[in-house]
Amino acid sequence: MRNPAYSQDADLEAIETREWLDSLDYVLHSRGPARAAELLRQLDAHARATGQPLPFSSNTPYINTIPADQQPRYPGNQKLERRIKSLVRWNALSMVVQANKKSDGIGGHISTYASAATLYEVGYNHFFRGRTGDFDGDIIFFQGHAAPGMYSRAFIEGRLTREQLGNFRRELAAGGGLSSYPHPWLMPDFWQFPTVSMGLGPIMSIYQARFMRYLEDRGLKPTSDRKVWAFLGDGETDEPETLGAITLASREKLDNLIVVINCNLQRLDGPVRGNGQIIQELEAIFRGAGWNVIKVIWGSDWDPIFARDTEGLLARRLGEIVDGQYQKYAVESGAYMRQHLFGVDPRLLDMVRDLSDDDLKRLRLGGHDPLKVYTAYKAATAHRGQPTVILARTIKGYGLGESGEGKNITHQQKKLNEDELRAFRARFEIDLSDEELATSPFYRPSDDSPELRYVADRRRALGGHVPARAAGAPAVRANLEPIFEEFYKGTDDRKVSTTMVFVKMLAKLLRDRDIGRQIVPIVPDEARTFGMEALFRQVGIYSHVGQLYEPVDMDTLLYYKEAKDGQILEEGITEAGSMSSFIAAGTAYATHGVNTIPFFIYYSMFGFQRIGDLIWAAGDSRCRGFLLGGTAGRTTLAGEGLQHQDGNSQVMALCYPNVLSYDPAFAYELAVIIQEGIRRMYGDGESLFYYLTVMNEAYEMAAMPDGAGVREGIVKGLYRFRVAGNTKGKLRAQLIGSGAILPEVIKAQGILAERYGVHADVWSATSYGELYRDGHAAERWNMLHPDETPRVPYVTRCFADAPGPIVAASDYLKTLPDLIDRWLPRPLVSLGTDGFGRSESRASLRNHFEVDSRFVTLATLAALARDGQIDAKVVQKAIGDLEIDPEKVNPAIA
Ligand SMILES: Cc1ncc(C[n+]2csc(CCOP(=O)(O)OP(=O)(O)O)c2C)c(N)n1
Ligand SMILES: [Mg+2]
């Protein structure tokens, strides 16, 4: 350990330091902090102008940002609040202990909440505002692993029953249970945001705070002082999503955002930064990014010690100690701390001479001291012009004593033996007898006890309970037929892509008098890729400050227009950020009582594959809206190569229970699906969202075929697009195509008829996913209802009387068409794009992946031969005629 008095010229240096400090004190007192800051700035500039290499640091000393003499008075009854906090602590612990007694291995976390209890309780008693008639309440992202504490709080507030608490992590138990973590999907009246996949809460909170500004600036909500609070772990800051968007928050001056990082210096396996200091690291990052940083490191017990530190020795000493060592102090005795922390310098020892070893052991950290936490929260809520991060130091497993406080295993701690429970009871003064303790029962005093009356009073004063998820916003007009009608007609010989069609639809929706204002277009720097630049001018790009510069293209029609009431969220190159905006907009009906309709269009390969976990969180959040995978398809995107060519997303989308995924080929399909989506999500209020792939290949848009069942089929996932020219012919087949591969299938229909006398019907499969879900739903129902008339899957009904082999071609993995195989009358032949992409032309790619009209033709002939309807020689000859190389490489492994 280094001795702070290391210099030989220590005395001289001390005098010199004193002189400088005195000068600074003089300026501070006589001229104020602004002048002092200006002098420091000039000193720094002067020193740097000499060319000397001066180290840069954006750190402040390892002490509290707000000094003790600037603390406000604590407004609450600290004694009662401590009692309440102890009750919440007890029941949180009891929930986990009981759950694991009943069912070994059911899991749960004790130590996260144990370290964060004060951070939450000060919030519950003084800051977190609930929803009232004219105020929507604060928005709080709770740390996922602290969930037992929130349930316990809700129990004390009388919102949850003993039975519910007893069924923590047993959601399927009789009487209902509580989900392990915050899940709006599972507890839609309680949780607002899913946070437990680490890193997602922080990034979602930033975009939520920005979306609130967007709603206000666009006049969709009146301006308010609602706050977004985000609670996270210090280990969680290693996730790229946690820190990846913090400059957005400072750039946008989001002073409605307060992030509280519980710096217990530990994560799951051990210390977050054993050999460093996570608080200092985070301080530098956030200060560098332009945030207001408030460090809450030391509790009030330390104030008198710091008062003796006139030379800054203690602050310096504390700044030298690495986190692994701090953790050691948390588990060691006071004597150890005296010897190792203070013992390096007699002057430091002198500062604590009147404290016993027990006193030293009991010195509280900032994050466990309500006054320090209150001080930080108060300053954060009053701060203007910047977001605030509070770095609060705590001990993981605080109060668990020998059994877990500060231990490396504490994160996994789920059980406490009787001695440990007794120690906990004593420490937090819980009124339970020894006999009672054995079962670690839930404990709640009567409603008219001083504690519960206080709780009720505080919550009433703050507007009601949190967390609480409200549902509902006024429904959106369901009939959008006039907007979409024009797309039912074909384009004759004009070639357009489905992306162009989509952009046109979006432009029309934006212009609509009724719902135009509610549309939220979101792009991650790809608007030009999708030909959306006309929208820049039409509705503007959102910017809280408007446009402070003259855009270079000002003299053009489609200039880059930023505006305070701009409607497009142009997020820059961040799919994760865009998705967070999508979630904010798609859940605004619950968070803000406003039905905003997000359309997030992106390079399809960078969606499910890259930000799948955020899409999962959107599902959990009961999000609504449209995801559009642009430039989709493995062979549709020419020239780009394997990083961009998406043959995956339609398959991946299937994993998301409330995502409806479609691969439309024509404008009318897109029109029907979007209309249906708006009706279901915003008319009927269903909690689902859509994934639509749109392509950049231009071809003629067919007109919507006449006939009943086409619209229904588009929505259900399959309909007959075109019947064979000759349905009486001997050789028949059924061809299924989807998306940009449908035109290839239509072409194959012609080749088969003209050259091989095979008369095929063509089907458009808009959604294999929906067909798969429908098929399984029918099967399941039949299994459970053996004596009733069996249900027949929709796809089975479609092909009931359809003759000939069934061949499907898709721009996605073969597994996608294979999904419906079991419900077909004959085995499906599927063509798809398994394998890595290539930089090539569309035609070469479709040859390589074997999905063009030639391969659809060949596959059909091969299937007819398989069924004994034609001779193998015909197939052999076709291979030559179609110029197919039978020895070509297998694309699936190439
Ligand atoms: C994306 C993700 N990866 C891993 C985990 C598993 N996990 C749960 S808690 C935890 C450690 C949390 O440490 P920290 O953020 O410091 O929180 P603390 O409990 O210390 O407050 C880990 C790794 C997770 N929940 N999410
Ligand atoms: Mg931690």
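Please refer to the structure higher up on the page.
First, a word on scope: everything that follows refers to the structure included in this document. This structure is a prediction, so every number in the text was calculated from the model and none was measured.

**Concerning the site of ligand 1**
As a structural note, the neighbourhood of ligand 1 is formed by 18 residues, with T112, H145, D234, G235 and K396 the closest of them. In this structure, V196 approaches ligand 1 through a main-chain N or O atom, which is 3.1 Å from a nitrogen atom. Interatomic distance of 2.8 Å between a backbone N/O atom of G235 and an oxygen atom of ligand 1. Burial of ligand 1 by the surrounding chains reaches 76%, relative to a free accessible area of 590 Å². Across the shell around ligand 1, the residue classes tally to three nonpolar, 10 polar and five charged.

**Here we look at the sheet that holds strand β1 (residues 139-141)**
Within a sheet, each strand pairs with its neighbour through backbone hydrogen bonds, oriented either parallel or antiparallel. Spatial strand order, β1-β2-β3-β5-β4: five strands in an open sheet with parallel pairing. One side of each edge strand has no neighbouring strand; the edge strands of this open sheet are β1 and β4 (292-296). Between one strand and the next, the sheet's axes are offset by a mean angle of 15°, whatever the strand orientation. With six bridges connecting them, strand β2 (residues 228-233) and strand β3 (residues 257-263) associate as parallel partners. Paired with V228 across the strands is L257, a residue of β3. Most of the contacts of helix α10 (residues 278-288) go to β4, to which it runs at about 165°, and overall it touches β3, β4 and β5 (388-393).

**Here's the deal with the pattern of salt bridges**
Under the counting rule described, the total for this entry stands at 51 salt bridges. D138 is the salt-bridge partner of R129, the closest N and O atoms lying 2.8 Å from each other. Pair check on accessibility: R129 and D138 agree, each one buried. In this structure, the salt-bridge partner of K221 is D136, at a minimum N-O distance of 2.4 Å. Residue K221 is found in the loop between α7 (200-217) and β2, and its partner D136 is found in the loop between α4 (111-126) and β1; the two are separated by 85 residues along the sequence.

**A look at a nonpolar patch on the surface**
Where nonpolar side chains cluster on the molecular surface, the patch consists of W20, L40 and L43 and spans about 330 Å² of accessible area. Its place among the elements puts L43 in helix α2 (residues 33-49).

**A few points about unusual backbone geometry**
A cis amide bond links V466 to the next residue, P467, at an omega of -10°. With respect to the helices, strands and loops of the structure, P467 is situated in the loop between α20 (450-461) and α21 (481-484). Positioned with a positive phi, R169 is a non-glycine residue whose angle comes to about 65°. Its place among the elements puts R169 in the loop between α6 (162-166) and α7. Take R169: its relative accessible area is 19%, and that puts it in the buried class. With a phi close to 65°, E850 is a non-glycine residue in the positive phi region.

**What about the sheet that holds strand β16 (residues 719-722)?**
Taken together, five strands build an open sheet; the order of strands is β16-β18-β17-β19-β20 and the sheet is mixed. Two strands in the sheet have a free side with no partner beyond their single neighbour: β16 and β20 (828-831). Strand after strand, the sheet turns through a mean of 30° between neighbouring axes, direction not considered. The sheet contact formed by strand β19 (residues 806-809) and β20 spans four bridges and is parallel. What sits directly across from I806, in β20, is L828. Against the sheet, helix α35 (residues 853-866) engages β17 (731-737), β18 (758-764), β19 and β20, with an angle of about 155° to β20.

**Some details on the environment of G725**
You can see G725 is positioned in the loop between β16 and β17. Placed 56 residues apart in sequence, G725 and W781 show a C-alpha to C-alpha distance of 38 Å.

**A word on helix α31 (residues 768-784)**
Taking 1.5 Å of rise per residue, the 17 residues of α31 would be expected to cover 24 Å, and the 24 Å separating its terminal C-alpha atoms lies within 8% of that figure. Here α31 has its buried residues at Y768, G769, E770, L771, G775, A778 and W781. Buried residues along α31 sit against β13 (659-662), α29 (710-716), β17, α32 (794-799), β19 and α33 (815-818).

Reading guide: rules and limits
- Residues numbered from 1 in each chain as written.
- Chains lettered and ligands numbered in written order.
- Predicted model: local features only at pLDDT ≥ 70, side-chain atom pairs only at ≥ 80, totals over all residues.
- Heavy atoms only, no water.
- Near = heavy atom within 4 Å.
- Polar contact = N/O pair within 3.5 Å; in protein donor to acceptor, adjacent residues only side chain to side chain.
- Areas by Shrake-Rupley, 256 points an atom, 1.4 Å probe, with all protein chains shown as cover.
- Nonpolar A, V, L, I, M, F, W, Y, C, P; charged D, E, K, R; others polar.
- Pairing = 2+ DSSP bridges.
- Helix = DSSP H or I, 4+ residues; strand = E, 2+ residues; numbered from the N terminus.
- Axes fitted to C-alpha atoms, helices over the stretch in contact; angles between N-to-C directions.
- Contact = heavy atoms within 4.5 Å.
- Salt bridge = Lys/Arg side-chain N within 4 Å of Asp/Glu carboxyl O.
- Buried < 20%, exposed > 50% of the residue type's maximum accessible area, 1.4 Å probe, protein only.
- Patch = residues over 30% accessible without salt bridge, like charges linked within 9 Å, V, L, I, M, F, W, Y side chains within 5 Å.
- Expected span 1.5 Å × (residues − 1).

Just geometry here; none of it tells us what the structure is for.
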